[in-house]
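Below, each chain spelled out in residue letters.
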Amino acid sequence: MDAGNLSVVSEFVLLGLCHSWTMQVLLLLIFFMLYLIIVFGNIATIILITTDPHLHSPMYFLLANLSFVDMWLCSVTTPKMIIDFVRENKTISFGGCMCQVLFVRFFGGGEMVLLVVMAYDRYVAICKPLHYSTIMNLQKCIGLVATSWTIGFVHAMSQMAVIVQLPFCGPREIDSFFCDIPLVIKLACIDSYNLGILMNADSGVPAMTCFIVLLISYTYILLTVRQSSKAGASRALSTCTAHITVVLLFFGPCIFIYVWPLSITWVDKFLAVFYSVITPLLNPAIY
């Protein structure tokens, strides 16, 4: 394409979840209520853990951080989606779109690593209980949480360094309710097939690595639990069940979006809603 004929795209159009006005009003009410529950539920979890001395332990410290990450992960996309339900012109600026890409990757990548850290905490608590207080001290917990934030930031910036340099000059409609990397790449004025595979691999490989590590960890924990006393096994199983449920809810949609994409629009939208809205909603209830 002749460079003189290129016109820079300054905004994108989000097609949203549906086109029916009646359905959009219904979804507005549903997601507005869900968002309020997510925010207040996770804030209540953080406040409870902070103020109750009985909950000042590594497990609950990590849970408070998970609630904080979930609250912001949901806030990156959901308020914009709610506002767009009542807007006829559902546009987002180029800068706003890039911010959504950046922060979804930042908080999503951080949460993946944080879930691995929480599995490590349960491994030490159940498999090495006599050394738990020594291994999982406050300094170690802060270091692990800082590591999760750092990895999330590096992951986000590595992908942003590629996305912001792409030329956008043609189609600008994104068939979703927020800017996600696979959808944004398709709008670039280049042959984006190989780049799309590369970026999906950049997201999918860390996700699958974390997921496999988590499966191995919890398998080992459950095998150890079988050898424990009945009372101890019951307590350990109740804790691990909550962790495993959250892991499946978070990684399941991510795997089908970035590792094994189905390329079915309504399925992609459902999975995007699931990991950006439903998982942050269920976490406080599960724990």
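All residue numbers here refer to positions counted from 1 along the written sequence of the relevant chain. Given that the model is predicted, a residue must reach a pLDDT of at least 70 before its local features are reported, and side-chain atom pairs must reach 80 or more before they are shown or counted; all residues, however, enter totals for whole chains, interfaces and linings. Hydrogens are left out, water is left out, and the side-chain values use all remaining heavy atoms of the structure.

The name given to the protein chain in an unreviewed UniProt entry is Olfactory receptor, and the organism recorded there is Moschus moschiferus. UniProt positions are given in the numbering used here, feature names are shortened, and annotations may be inferred rather than shown by experiment. Recorded under Function (unreviewed entry), the UniProt text for the protein chain is reproduced unchanged: "Putative odorant or sperm cell receptor." In UniProt, the protein chain has this text filed under Sequence similarities (unreviewed entry): "Belongs to the G-protein coupled receptor 1 family."

J.: Give a detailed account of the sheet that holds strand S1 (residues 11–14), specifying residues and quantitative values.
T.: Taken in spatial order, the 3 strands make up an open sheet running S2-S1-S3, and their pairing is mixed. Since the sheet does not close on itself, it has two edges, and those belong to strand S2 (91–93) and strand S3 (173–174), each with one partner. Packing against the sheet, helix H3 (residues 94–127) makes contact with S1, S2 and S3, and its axis sits at approximately 85 degrees to S2. Two strands make a pair as long as DSSP finds a minimum of two bridges between them. Secondary structure elements follow DSSP: runs of H or I of four or more residues count as helices, runs of E of two or more count as strands, with numbering from the N terminus. Residues are treated as being in contact if the distance between any of their heavy atoms lies within 4.5 Å. Only C-alpha atoms enter the line fits that serve as axes; for helices the fit covers just the stretch in contact. Angles between N-to-C directions range over 0 to 180 degrees.

J.: So, the packing of helix H2 (residues 58–84) against helix H5 (residues 138–163): which residues are in play, and what are the values?
T.: One way to put it is that H2 packs onto H5 with a least axis distance of 10 Å and a crossing angle of 25 degrees. In terms of orientation, H2 lies roughly parallel with respect to H5. The hand of the H2/H5 crossing is right-handed. Here Pro 58, Phe 61, Leu 62, Asn 65, Phe 68 and Val 69 of H2 come into contact with H5, specifically with Cys 141, Ile 142, Val 145 and Trp 149. Each residue is assigned to one of three groups, with Ala, Val, Leu, Ile, Met, Phe, Trp, Tyr, Cys and Pro labelled nonpolar, Asp, Glu, Lys and Arg labelled charged, and all others, Gly among them, labelled polar. Classifying every residue of the contact of H2 with H5 gives 9 nonpolar, 1 polar and no charged. If an angle is under 35 degrees, it is roughly parallel; if it is over 145, roughly antiparallel; if it lies from 65 to 115, roughly perpendicular; otherwise it is oblique. For any pair of crossing helices, the crossing counts as left-handed if the nearer helix is rotated counterclockwise from the farther one by less than a right angle, and right-handed if it is rotated clockwise.

J.: Run through empty space enclosed by the protein, naming residues and quoting values.
T.: Put plainly, a pocket is an open set of points on a 1 Å grid over the protein atoms alone with protein on both sides within 12 Å along at least five of seven lines, a cavity is a set where a 1.4 Å probe fits but cannot get out, and a lining residue has an atom within 4 Å of a point. Grid points are joined across faces, edges and corners, and a volume is the space filled by probe spheres set on the points. Counted according to the given criterion, the structure contains 2 cavities of 30 Å³ or more. By volume, the largest cavity amounts to about 140 Å³. Mapped onto the lining of the largest cavity, the elements with two or more residues apiece are H3, helix H7 (193–225) and helix H8 (230–259). Broken down by element, the lining of the largest cavity gets its largest block of residues, 5 residues, from H3. As a volume, the second largest cavity reaches approximately 60 Å³.

J.: Which residues make up the environment of Ser 10, and what are the values?
T.: Among the structural elements, Ser 10 can be located in the segment before S1. You can call Ser 10 exposed: its relative accessible area is 56%. Sequence separation between Ser 10 and Leu 130 is 120 residues, and the spatial gap between their C-alpha atoms is 59 Å. Those residues in contact with Ser 10, other than ones at most four positions away along the chain, are Ser 93 and Phe 94. Buried residues are those whose accessible area, probed at 1.4 Å on protein chains only, stays under 20% of the maximum for their type, while exposed residues exceed 50% and partly exposed ones sit between those limits.

J.: I'd like a description of helix H1 (residues 21–51), backed by residues and values.
T.: Here H1 is 31 residues long and its end C-alpha atoms lie 44 Å apart, about the 45 Å a rise of 1.5 Å per residue gives. Those residues of H1 not exposed but buried are Gln 24, Leu 27, Leu 28, Phe 31, Leu 34, Tyr 35, Ile 38, Val 39, Gly 41, Asn 42, Thr 45 and Ile 49. Next to the buried residues of H1 lie H2 and helix H9 (265–286). By definition here, a helix of n residues has an expected span of 1.5 Å times n minus one.

J.: Lay out the nonpolar core in plain terms, naming residues and giving numbers.
T.: Core analysis: the biggest nonpolar cluster contains 66 residues, and Phe 31, Leu 115 and Phe 251 have the highest contact counts within it. Of all the secondary structure elements, the ones that give two or more residues to this core are H1, H2, H3, H5, H7, H8 and H9. Top contributing element to this core by residue count: H3, with 13 residues. Not counting chain neighbours up to four residues away, the residues in contact with Leu 115 comprise Leu 66, Leu 214, Val 246, Phe 250 and Phe 251. Formed by 20 residues, the second largest nonpolar core is a distinct cluster that contains Cys 97, Val 101, Ile 163 and Met 199. Among the buried residues, those of types Ala, Val, Leu, Ile, Met, Phe, Trp, Tyr and Cys that are joined through side-chain atoms within 4.5 Å form a nonpolar core.

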